[in-house]
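# A closer look at the structure
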Amino acid sequence: MGVCSEDGKVQVFGLYTGEEFHETFDCPIKIVAVHPQFVRSHCKQFVTGGNKLLLYEKTWMNRWKPSVLHEGEGNIRSVKWRGNLIAWANNMGVKILDVIAKQRITNVPRDDISLRPDMYPCSLCWKDNLTLIIGWGNSVKICSVKERHASEIRDLPSRYVEIVSQFNTEFFISGIAPLCDQLVILSYVKEISEKTETECCARPRLDIIQPFPESCEEISSDALTVRRFQENECRDYCLEYSEGESLFYIISPRDVVVAKERDQDDHIEWLLEKKKYEEALMAAEISQKTIKKHKIQDIGLAYINHLMETGDYDLAARKCQKILGKNTDLWEFEVHRFKEIGQLKAISRYLPRRDSVLKPFIYEMVLHEFLESDYEGFATLIKEWPGNLYNNAIIVQAVVDHLKKDPQNRTLLKTLAELYTYDQRYRKALEIYLTLRHKDVFQLIHKHNLFSSIRDKIVLLMEFDSEKAVDMLLDNEDKISIDKVVEELNNRPELQHVYLHKLFKRDHHKGQKYHEKQISLYAEYDRPNLLPFLRDSTHCPLEKALEICQQRNFVEETVYLLSRMGNSRSALKMIMEELNDVDKAIEFAKEQDDAELWEDLILFSIDKPPFITGLLNNIGTHVDPILLIHRIKEGMEIPNLRDSLVKILQDYNLQILLREGCKKILVADSLSLLKKMHRTQMRGVLVDEENICEMCLAPILPTDACKPFSITVFHCRHMFHKECFPEPSTESSVHFCNICSAKHRGPGSAILEMKK
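Computed from a predicted structure; not experimentally measured. (Residues numbered from 1 in each chain as written. Predicted model: local features only at pLDDT ≥ 70, side-chain atom pairs only at ≥ 80, totals over all residues. Heavy atoms only, no water.)

### A few points about the overall build of the chain
Helix and strand content of the chain: 28 helices and 27 strands. Out of the 756 residues in the chain, the part that is buried amounts to 41%. (Helix = DSSP H or I, 4+ residues; strand = E, 2+ residues; numbered from the N terminus. Buried < 20%, exposed > 50% of the residue type's maximum accessible area, 1.4 Å probe, protein only.)

### Focus: the nonpolar core
Ranked by size, the top nonpolar core spans 85 residues in total, and within it Ile347, Leu351, Trp385, Tyr390, Val399, Leu461 and Tyr499 carry the most contacts. If we skip the residues at most four places from it in the chain, Tyr390 touches Pro360, Tyr363, Glu364, Leu367, Ile382, Trp385, Ile395, Leu419 and Tyr422. (Core = buried A, V, L, I, M, F, W, Y, C linked by side-chain atoms within 4.5 Å. Contact = heavy atoms within 4.5 Å.)

### A closer look at the packing of aromatic side chains
Under the defined criterion, the tally for this structure stands at 11 aromatic pairs. Between Tyr188 and Tyr237 the ring centres are 6.5 Å apart and the planes differ by 40 degrees, which places this aromatic pair in the tilted class. Here Tyr188 is found in strand β17 (residues 182–188), whereas its partner Tyr237 is found in the loop between β21 (216–223) and β22 (238–242), with 49 residues between them in sequence. Owing to a relative accessible area of 1%, Tyr188 belongs among the buried residues under this scheme. For Tyr237, a relative accessible area of 4% puts it in the buried group. (Phe/Tyr/Trp six-rings, centres within 6.5 Å; stacked < 30°, edge-to-face > 60°.)

### Details of the pairing of strand β6 (residues 52–58)
As paired elements, strand β5 (residues 45–49) and β6 share five bridges and run antiparallel to each other. The residue of β6 that forms the bridge with Gln45 is Glu57. Adjacent in sequence and paired antiparallel, β5 and β6 are bridged by two residues. Bridge count for β6 against strand β7 (residues 64–71) is seven bridges, and the pairing is antiparallel. Bridge pairing links Leu54 to Val68 in β7. Turn length for the β6-β7 hairpin, with the two strands adjacent in sequence and antiparallel, is five residues, and the turn residue Asn62 shows positive phi of about 60 degrees. (Pairing = 2+ DSSP bridges.)

### Quick word on empty space enclosed by the protein
The tally for this structure, following the rule as stated, stands at two cavities of 30 Å³ or more. Lining the largest cavity, in full, are Asn75, Arg77, Ala89, Asn90, Asn91, Pro117, Pro121, Cys122 and Trp136. If you add up the space inside the second largest cavity, you get close to 30 Å³. Along its surface, the second largest cavity is lined by His501, Phe504, Lys505, Tyr522, Asn529, Pro532, Phe533 and Asp536. Counting residues per element, the ones that place at least two in the lining of the second largest cavity are α17 (493–506) and α19 (530–536). (1 Å grid on protein atoms, 1.4 Å probe; cavity = no way out; pocket = protein on both sides within 12 Å on 5 of 7 lines; lining within 4 Å. Points joined across faces, edges and corners; volume = space filled by probe spheres on them.)

### Details of the pattern of salt bridges
The full count for this structure, using the stated rule, is 31 salt bridges. Linking Glu147 and Arg159 is a salt bridge whose minimum nitrogen-to-oxygen distance equals 3.0 Å. Of this pair, Glu147 sits in strand β14 (residues 139–147) while Arg159 is found in strand β15 (residues 159–168), placing the two residues 12 residues apart along the sequence. Linked by salt bridges that have partners in common, Glu467, Asp471, Asp475, Lys502 and Arg506 make up one network. (Salt bridge = Lys/Arg side-chain N within 4 Å of Asp/Glu carboxyl O.)

### Regarding the layout of surface pockets
A volume near 1,600 Å³ is recorded for the largest pocket. Along the wall of the largest pocket there are 46 residues; nearest its centre are Ile31, Val32, Val79, Lys80 and Glu240. Secondary-structure elements contributing two or more residues to the lining of the largest pocket are β2 (9–13), β4 (31–34), β8 (78–82), β12 (123–128), β16 (172–179), β22 and β23 (247–251). Class assignment of the residues belonging to the lining of the largest pocket gives a composition of 25 nonpolar, 10 polar and 11 charged. Approximately 570 Å³ is the volume attributed to the second largest pocket. At the level of elements, β20 (205–211), β21 and β24 (256–260) are the ones that each hand at least two residues to the lining of the second largest pocket. Taken together, the residues of the lining of the second largest pocket break down into eight nonpolar, one polar and six charged. (Nonpolar A, V, L, I, M, F, W, Y, C, P; charged D, E, K, R; others polar.)

### Side note on the confidence of the model for the chain
Looking at the chain, pLDDT values average 81 and 87% of them are 70 or higher. Contacts for the low-pLDDT stretch residues 746–750, under 50 throughout, to residues beyond four places or in other chains number 13 contacts. (pLDDT = per-residue confidence, 0-100.)

### Comments concerning the sheet that holds β24
Spatially, three strands are ordered β22-β23-β24 in an open sheet, and the strand pairing comes out antiparallel. In this open sheet, the two edge strands, each paired with only one partner strand, are β22 and β24. Taking the axes of each pair of neighbouring strands and ignoring which way they run, one obtains an average angle of 20 degrees across the sheet. Pairing between β23 and β24: five bridges, direction antiparallel. Note on β24: the bridge partner recorded for Phe248 is Ala259. (Axes fitted to C-alpha atoms, helices over the stretch in contact; angles between N-to-C directions.)

### A look at the side chain of Thr169
For Thr169, the position within the fold is in the loop between β15 and β16. Classification of Thr169 as buried rests on a relative accessible area of 11%. Within the structure, the side chain of Thr169 is placed 2.7 Å from the backbone oxygen of Phe171, a separation counted as a polar contact. Ignoring anything within four residues of it in the chain, the contact list for Thr169 reads Asn138 and Val140. (Polar contact = N/O pair within 3.5 Å; in protein donor to acceptor, adjacent residues only side chain to side chain.)

### Things to note about the packing of helix α3 (residues 277–286) against helix α4 (residues 296–310)
With their axes 9 Å apart at the nearest point, α3 and α4 run at an angle of 165 degrees to one another. Comparing their axes, α4 and α3 come out roughly antiparallel. Regarding α3 and α4, the two cross each other, and that crossing is left-handed. Contact residues: Tyr277, Glu278, Ala280, Leu281, Ala284 and Glu285 in α3; Ile296, Ile299, Gly300, Ala302, Tyr303 and His306 in α4. For the contact of α3 with α4, a count of residues per class yields eight nonpolar, two polar and two charged. (Parallel < 35°, antiparallel > 145°, perpendicular 65-115°, else oblique. Left-handed = near helix turned anticlockwise from the far one by under 90°.)

### Some points on helix α9 (residues 375–384)
Those residues of α9 not exposed but buried are Gly377, Phe378, Ala379, Leu381 and Ile382. Looking at the packing, one finds that the buried side of α9 touches α7 (344–348), α8 (360–373), α10 (392–405) and α11 (410–422). Near the N-terminus of α9, the side chain that reaches the backbone nitrogen of Glu376, with its oxygen 3.3 Å away, is that of Asp374.

### Quick look at a positive patch on the surface
On the surface, a cluster of positive charge is contributed by Lys675, Lys676, Arg679 and Arg683. The topology assignment puts Lys675 in helix α27 (residues 641–682). (Patch = residues over 30% accessible without salt bridge, like charges linked within 9 Å, V, L, I, M, F, W, Y side chains within 5 Å. Areas by Shrake-Rupley, 256 points an atom, 1.4 Å probe, with all protein chains shown as cover. Lys, Arg positive; Asp, Glu negative; His and termini not counted. Charge placed at Lys NZ, Arg CZ, Asp CG, Glu CD.)

### Remarks on the state of the cysteines
Tallied over the entire structure, the rule returns zero disulfides. Cysteine Cys201 is unpaired, with the sulfur of Cys200 as its nearest cysteine sulfur at 7.0 Å. The exposure class of Cys201 is buried, given its relative accessible area of 10%. No disulfide involves Cys693; its nearest neighbouring cysteine sulfur is the one of Cys696, lying 3.7 Å away. We classify Cys693 as buried; its relative accessible area is 0%. (Disulfide = S-S within 2.5 Å.)

Next up, the structure:
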């Protein structure tokens, strides 16, 4: 540590060693600076500043040798030593000296010479070993020490200084220090008093500045309260910093203020003071690994308290889910707090349901609260909460007690059914669901296999939802038989029909013994499906069906039954007389394809001109139109006769054209196939050593190729030696393959004779 005073005394001593230097000079000493590595034996150096700058070095005889580094430019009031560079300020400006070369490398002149150097002293600090920050008056300069190129040195210093940033401030600078890429400036401010309207000293400010090459930006500014700041001048303040600890010391005549970088704990504490709990909680969650003073849970609890004090109970309850987590003790404490202020409903939606569940009485307490005032909310909680959270028997009894006051309350009945389901009392739940006609009744039956419980409740199920009930009953025939269902529905034929109809759609044979009954059911409740049923069923008695259809005058169904029973003439007569529909009569005659029916149809239509028109338009392709035309009486007016005759002629021409076209296609195909057969028969047949004579079974080709031979080859690929093949017994010279003729495959259509 170096200590100096204006009476000329200088003392340098070690804090942890007995090493000490003490000297008294004949001039005031304003400043002292020791070598940064003073503890090392070869670095025992320090400088003093007064009216001159002196360097003291320890010699080999433990004496201190002084040497003058600079003088003649006024008092030196600021010296900073960093590495091998010493920077100092006098009345003229700032100098930088290279200690190794004992050479001054720059002079940075003072900007505003109107300011007294003793009243507005220069502030110096090194940001690093090569960057010097100068604050003087209201001017800031950031200087960078750089190496000069070898070709430029000559008689110049090996280093030079470049000012990389320079800007002015709106206040006077009492101290300056680096903070990462920013600057910390202790500002001396003057302001106008509102009372006296005169200029006075304001509280000093600690500003954080972001420097740019030619300007700056103020990041933050804090006014400092020091004792009797109104009497202080710019020279009375000083700013020093401890680089390793990021501590800043603001020195005034009566106070020393320590400033340090604000950490996340400080930020959270400030947010809590401002009652910004949500921001504090978010900041704590983001920095939970670095904060030391605060705990997330404590901040969260304070936030919940604040929300409850302000009356925002819903948000407070929602935050409990996140803040309390799995801490059951805290949960139970908060639930009791909500109960005390009558806000159990607010916290009910956020209570733990699966992990770290609370004691059953907590959930029962909430359910009782809802049961007293909100049946719908109570039903919602029962549906959402698992049944193991509370004592089911207690809640069931409570619901039963309330139902005594309001027996028809559907909400309570539905909730009671759900409680019975949780308690596995499915029969009671089923009774309530059937009474309420609730949609979950089918799901309950399927899920818990309650088919034995619904044997006597089939009518209720069908009345509730016949489609779902029938599907369920048909899917579970092994549990409730068809006979049982039909028996239960005897008094409700309309429901019985729905069941049997769907059964018939699934399988035409399963309910065959009920087909006779179904005829009456279809006729009564579902006539559109009666005719499809009669067509698809192979088990219904036709006589019974015909009787019912005739009684009810169902013409289409009667016609179908008559035709199916073989009484086509009666069926046709009914179509003509009852339906008076010639198109349907013609269609029926076409289906039966009976000449007698056509004769009956012609006889019935001969005196009815509209029927004759219909026959002329449709009869041409089934019956000779001449038979009808010859029977038409002369003078009878027939509507659209000309168009009908033209159509008959067109149909006839079309038939002729079709026949001619077919004949041409037939001739062309026959000729093409004949040519193809001829080409095939003209092809050669391969004969080699592997082929044998079908008679003697010897190789067809002789071993000696020079000898003459003669063979017969059929197109069926059977081969014979000429001498082995018998001569034909008839006068015809046509030869046939004996093998194929014997197997009735047809004769060889052509023969190849090979001779050599």
